[in-house]
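Architecture at a glance
The lines below spell out each chain.
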Amino acid sequence: MERVTITKEAAEIVKQLQLKHGDLIFHQSGGCCDGSAPMIFEKGDMYLDASDILLGKIEGVPFYMNQDQFEYWKHTHLTVDITKGRGASFSLEIPLGLRFLIHSRLLTEEEATFFKTK
Amino acid sequence: MSYSKPKFKEKYSNFINGKFVAPIGGEYFENTSPIDNSLIAKYPRSQKEDVELAVDAANAAKEAWGNTSATERAKLLNKVADIIEANLEEFALVETCDNGKPIRETLNADIPLCVDHWRYFAACIRAEEGSATELDEMTLSMNIKEPLGVVGQIIPWNFPLLMLSWKMPPALATGNCVVLKPAEQTPSSATLLMEKIADVFPPGVVNIIHGFGPEAGKPLASSSKVDKVAFTGETTTGQLIMQYASKNLNPVTMELGGKSPNIFFNSVMDHDDAFLDKAIEGAVLFAFNQGEVCTCPSRILVQEDIYDKFMERVIARTNGIIQDNPYDINTMVGAQASNDQYEKIQSYFKIGKEEGAKVLAGGEANKLSGNLANGFYIKPTLLEGHNKMRVFQEEIFGPVACVTKFKDEAEALEIANDTLYGLGAGVWTRDAHQLYQIPRAIKAGRVWVNCYHAYPAHAPFGGYKKSGFGRENHLMMMNHYRQTKNMLISYDKNKLGFF
């Protein structure tokens, strides 16, 4: 069972970025402007530690979120999607005229139990 | 009265060393208007080399500019203010076209405030003095404020010219040279400003670089030839910029948004008068600027004994908002700034509803007719629920407020402070004790008391908690762009006697 998945369209973009940049990570941003959106960076660009929760891997790319934020998100399942757009962050898909975005749903009872006992 | 889309050139350039300069790589990106998704113009897709050019120009200019008298610097800041003021309507139209916000806001709020911020810092630097203390009868300690040198500024797209006018004047007033990157969604008003003020400052003092975050923003934020970076945006980029700054041991200031509570105590309904009317407007201010404000009062907290009656009026006022063509002077709410914002807001409607939030108003996109059908319009929305829901905890950056009720002061504070952020808050009451005690207990950098969304140049603005640190506006801002030179002077002719 997964906390985070990715759409086919978004996975294509991840593959494209992997070819150009190598190993990548996703980090879920919070706050204003382009926040509340997932961002993708070259592995090693962002300093990660125990306060960053690994939610899972999509297309081989680990997806992280800060633990404080995770407290408010942990009852939901996330799907990374892609849309036309122009964010102002350092996320690597921006020059393509695209932005990753999150669709969320509540965890099913089965999922909730699974992640609680895990 | 209605305006129409202003005219633009086919493409624009960076502004480096007093001149308009094409990007070295020759690449451009297309900038569109969120009003109807039509093309505005092409702007430079700058790369590291372009940023270096601007940073080098700023470094070459910093010595002379730092030694320019405060009188002269203030004169030039005032000149910029006069130029913006003289072209107010032109700036307002460009801003509306680029961002999607209604023209009545840009004409009456954004651009006039810009003018005032330039004038405010021109005045501050003239009125200010350093300090001197006689430590003992033979020793004088003199504190002289010196500029940092070159400042990199990365600004957002929600108030393009106003964010520029928050960041640039204090940096320039204190004798720094600036390299500023506007958000790629809204490069137009900064460019127009450079066209109008091209000759005002000596070459290299003011530089504007366009482009994308990973290609132009990152090299600016991580440049070892920049002495400070100021950023407004979100938390992940904020963390990255702090990381880069740590490599250069540079200071930074961060303004990273919020999830601001707007608290209404029962005394607001003691009388049906002008103040109640103001309080209801205060609740509806969540829709101001399409909710694309870091301090958007996006959590409305209402005391339970007035909840039904108060919300009835808030809902009616929300449903009365005119959302239409942003060029029309009667339009109150315009378009979201980009498609990704538009999509993001709708994904929050979905999860909000799944979590059990009840839609009291709006809750969907607004499909307007004609050309506007291609624009990004979201109906002003009220969602009723509880503070643990994700829509109550995350910055949606749309015209969306989440509403909940509280029993007493203790519960109001518990809910208000149950957030990762601490940028803004509103407190509405007729009770003199609450007027002071509640704001003091809220963990936020700006608490509006019986008002909201006022941003005078004279009042410091900035965040607690994950909303960042450092302040903007107010003369205290100048110290974020300076370092202190302490001269410790001895008037004693006699040696210490140690050696």
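Reading the values: rules and limits
Residues numbered from 1 in each chain as written. Chains lettered and ligands numbered in written order. Predicted model: local features only at pLDDT ≥ 70, side-chain atom pairs only at ≥ 80, totals over all residues. Core = buried A, V, L, I, M, F, W, Y, C linked by C-beta atoms within 7 Å. Buried ≥ 20, exposed ≤ 12 C-beta atoms within 10 Å, placed from the backbone. Domains from an automatic or database assignment. Pairing = 2+ DSSP bridges. Helix = DSSP H or I, 4+ residues; strand = E, 2+ residues; numbered from the N terminus. Axes fitted to C-alpha atoms, helices over the stretch in contact; angles between N-to-C directions. Contact = placed C-beta atoms within 7 Å. UniProt positions renumbered as here; feature names shortened; annotations may be inferred. Parallel < 35°, antiparallel > 145°, perpendicular 65-115°, else oblique. Left-handed = near helix turned anticlockwise from the far one by under 90°. Nonpolar A, V, L, I, M, F, W, Y, C, P; charged D, E, K, R; others polar.

The next point concerns the nonpolar core. Core analysis: the largest hydrophobic core is formed by 176 residues, its most contacted members being B:Leu77, B:Val178 and B:Phe264. Two domains each donate at least three residues to this core, and these are domain 1 (14-256 + 467-485) and domain 2 (261-449) of chain B.

The next thing to look at is the sheet that holds strand S18 (residues 424-428) of chain B. To summarise the sheet geometry, strands pair through backbone hydrogen bonds and adopt either a parallel or an antiparallel arrangement. Residue and element names in this part refer to chain B. The strand order S14-S15-S16-S13-S12-S18-S19 describes an open sheet built from 7 strands, whose pairing is mixed. Each having just a single partner strand, strand S14 (358-361) and strand S19 (446-449) make up the two edges of the open sheet. Neighbour-to-neighbour, the strand axes of the sheet open up by a mean angle of 25°, direction not taken into account. The pairing of S14 with strand S15 (residues 381-384) spans 3 bridges and is antiparallel. The partner of Val359 across the bridge, within S15, is Leu383. Sitting on the sheet, helix H10 (residues 307-319) touches strand S12 (261-264), strand S13 (299-303), S14, S15 and strand S16 (400-406), and the angle it makes with S14 is about 60°.

Next up on the list: the sheet that holds strand S5 (residues 131-136) of chain B. All names here are of chain B. The strand order across the open sheet formed by 3 strands is S5-S6-S22, and the pairing between neighbours is antiparallel. Only two strands of the sheet have a single partner each, and these edge strands are S5 and strand S22 (482-490). With strand direction ignored, the average angle separating the axes of adjacent strands in the sheet is 25°. As paired strands, strand S6 (residues 139-147) and S22 are joined by 9 bridges and run antiparallel to one another. Within S22, the residue paired with Asn143 across the bridge is Asn486.

Turning our attention to the UniProt feature "active site" (unreviewed entry) in chain B. Residue and element names in this part refer to chain B. Mapped onto the present numbering, the UniProt feature "active site" (unreviewed entry) falls on Glu255. If you trace the backbone, Glu255 turns up in strand S11 (residues 252-255). Given 31 C-beta atoms within a 10 Å radius, Glu255 is considered buried. Ignoring sequence-local partners within four residues, the contact set of Glu255 consists of Thr232, Cys294, Gly462, Gly463, Gly468 and Glu472.

Next up on the list: the packing of helix H9 (residues 274-284) of chain B against H10(B). Residue and element names in this part refer to chain B. Look at H9 against H10: their axes get within 9 Å of each other, and the N-to-C directions meet at 60°. Our classification of the angle between H9 and H10 gives oblique. As H9 packs across H10, the resulting crossing turns out to be right-handed. For the pair H9 and H10, contact is made by Ile280, Ala283 and Val284 and by Arg313, Val314, Arg317 and Thr318, respectively. Taken together, the residues of the contact of H9 with H10 sort by class into 4 nonpolar, 1 polar and 2 charged.

Let us now look at the environment of B:Lys344. Relative to the assigned elements, B:Lys344 resides in helix H11 (residues 339-354). Residue classification places B:Lys344 among the buried residues on the basis of 26 C-beta atoms within 10 Å. Once the C-alpha coordinates of B:Lys344 and B:Ile40 are considered, the two residues, 304 residues apart in sequence, prove to be 23 Å apart. Sequence-distant contacts of B:Lys344, that is, excluding residues within four places in its chain, are made with A:Ser36, A:Ala37 and A:Leu101.

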